[in-house]
Amino acid sequence: MISPETTAAVVDIGSNTIKALVVARREDGTLEPLHFRTIDARISAGIGRSTPGLGEEGIEKGVTAVAALLDEVARFSPGKVALVATSAVRDAANGAEFCQRVLARTGRPVRILTGEEEATLIGRGLCCDPELRTMQDFYVFDLGGGSLECLAFRERRMEQATSLLLGCVRLTEHFVENPQGSIPQAAIESVKRHTREVLVANGFRFNLPPTAVAVGTGGTLTTTRAIFGARTVTPLEAINSWVTLEMLRELQATSARLPIADRKRLPGMPESRADVLPVALATLVAVAEFGGLSGYRHSLFSLRWGVAAELLDGAPAGAS
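My aim in this report is to walk through the structure given alongside it, one point at a time. Please read all numbers here as calculations on a predicted model, not as lab measurements.

With that settled, consider the pattern of salt bridges. Applying the stated criterion to the full structure yields 19 salt bridges. Arg-249 is the partner of Glu-246 in a salt bridge, and the nearest nitrogen-oxygen pair spans 2.4 Å. Here Glu-246 pairs with Arg-249, and both are found in helix H8 (residues 245-257), just three residues apart, close to one helical turn. For Arg-249, a relative accessible area of 31% translates into the label partly exposed.

Below is the structure:
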């Protein structure tokens, strides 16, 4: 039976998007989604600068989106509500100002997750995915606008979790001089080389058994599935969740060759992701090539699911 005591709502303030999720805990302990929505806000413009900061337009769009999503989740009378922010707010020099403006507008505090907390909660969210319940050894890669979370699970126990500054907005701003035009191959190679260097520098190890699968989350893989599905007029939920390395390479090459106006016209392409998609794909390709991975098993269960599970087990600081 659904009641406020068994219901939680999460607003996840990411670099590219702001997402809301409402879940209820069933009697068997699993989580049932009641409501979810995503708003493209891109608060992270400017995150690639030497001194990252949120622009006024991004702050206002973000605060407005959070307020709108809180109004939506209130209809479900959740017993617990949490607002969490990730890399864009965490790394911005004026991240505290953003949180203060959210508090002033909504009356709710924002919990800024550390990189370690973000990675851990993503892992917890993945464990809510019914399609992954039989998996024992697996990697998890969650690519956002500001960071890439990398995890490794051995026998369903997390043994590695690290947050790397490899988000697609961050790297696009750093390596692409003109994201409105076609993206030179030299820029793509620089992104891939930088990705490999960061993985090495941070000591992430690809040492699970050869049978281990790589699970991927985030908008880049959602977009990839949507674009390939559009070629056969197949809805996202009916598309195979396995995204191969060859699919990623093909779409990366195709999208990079196109100026942004033509990139936006690719069937299945969300306009808000067209400028960063080639770099995002190059990052995932570099991770897969470096780790000897043949692709990613895409999951829609991620950070907000982990936060919801944590809320229902006992509210962390910043939740109400």
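The next subject is the packing of aromatic side chains. For the structure shown, the criterion picks out ten aromatic pairs. Taking the centre distance of 6.0 Å and the plane angle of 25° together, the rings of Phe-141 and Phe-206 count as stacked. Here Phe-141, found in strand S6 (residues 138-143), pairs with Phe-206, found in the loop between helix H6 (185-201) and strand S9 (213-217); they are 65 residues apart in sequence, far enough to count as distant. Under the relative-accessibility criterion, Phe-141 is labelled buried at 1%. In this structure Phe-206 comes out as partly exposed when scored by relative accessible area, which is 21%.

With phi around 50°, Ser-77 is a residue other than glycine that occupies positive phi space. Mapped onto the elements, Ser-77 comes out in the loop between helix H1 (56-74) and strand S4 (80-85).

Counting buried positions along strand S2 (residues 17-25) yields seven of nine residues, so the element is predominantly enclosed. The hairpin formed by strand S1 (residues 7-13) and S2 contains three residues between the paired strands.

Glancing now at the sheet that holds S1. Pairing between the strands of a sheet is mediated by backbone hydrogen bonds and can be parallel or antiparallel. The strand order across the open sheet formed by five strands is S3-S2-S1-S4-S5, and the pairing between neighbours is mixed. Single-partner strands in this sheet number two, and they are strand S3 (31-40) and strand S5 (111-112). Against the sheet, H1 engages S1, S2, S3 and S4, with an angle of about 20° to S2. The strands that helix H11 (residues 303-313) touches are S1, S2, S3, S4 and S5; relative to S1, the one it contacts most, it runs at about 140°.

To continue, consider the state of the cysteines. Applying the stated criterion across every chain yields a total of zero disulfides. Left without a disulfide partner, Cys-128 is nearest to the cysteine sulfur of Cys-127, which lies 7.2 Å away. With no disulfide of its own, Cys-150 lies closest to Cys-168 among cysteine sulfurs, the gap being 14 Å.

Moving on, we come to the nonpolar core. Counting residues in each nonpolar core, the largest one holds 48 residues, and the members touching the most others are Tyr-139, Phe-141, Leu-248 and Tyr-296. Every element with two or more residues in this core is listed here: S6, strand S7 (148-154), helix H5 (168-175), H6, helix H7 (219-231), H8 and helix H10 (277-291). A total of nine residues in this core trace back to one element, the largest contributor, which is H10. Apart from residues no more than four positions distant in its own chain, Tyr-139 is found in contact with Leu-151, Ala-152, Phe-204, Arg-205, Phe-206, Asn-207, Leu-208, Ala-212, Val-213, Ala-214, Val-215 and Leu-293. Counting residues in each nonpolar core, the second largest holds 28 residues, with Leu-126, Phe-138, Leu-151 and Phe-301 among its members.

A few words on the side chain of Ser-87. For Ser-87, the location among the structural elements is in helix H2 (residues 87-91). Of the polar contacts made by the side chain of Ser-87, one reaches the side chain of Asp-91; its length is 2.8 Å. Contacts of Ser-87, omitting those with residues within four sequence positions, involve Ser-15, Ile-47, Glu-118, Gly-146, Ser-147 and Arg-170.

Analysis parameters
Residues numbered from 1 in each chain as written. Predicted model: local features only at pLDDT ≥ 70, side-chain atom pairs only at ≥ 80, totals over all residues. Heavy atoms only, no water. Salt bridge = Lys/Arg side-chain N within 4 Å of Asp/Glu carboxyl O. Helix = DSSP H or I, 4+ residues; strand = E, 2+ residues; numbered from the N terminus. Buried < 20%, exposed > 50% of the residue type's maximum accessible area, 1.4 Å probe, protein only. Phe/Tyr/Trp six-rings, centres within 6.5 Å; stacked < 30°, edge-to-face > 60°. Pairing = 2+ DSSP bridges. Contact = heavy atoms within 4.5 Å. Axes fitted to C-alpha atoms, helices over the stretch in contact; angles between N-to-C directions. Disulfide = S-S within 2.5 Å. Core = buried A, V, L, I, M, F, W, Y, C linked by side-chain atoms within 4.5 Å. Polar contact = N/O pair within 3.5 Å; in protein donor to acceptor, adjacent residues only side chain to side chain.

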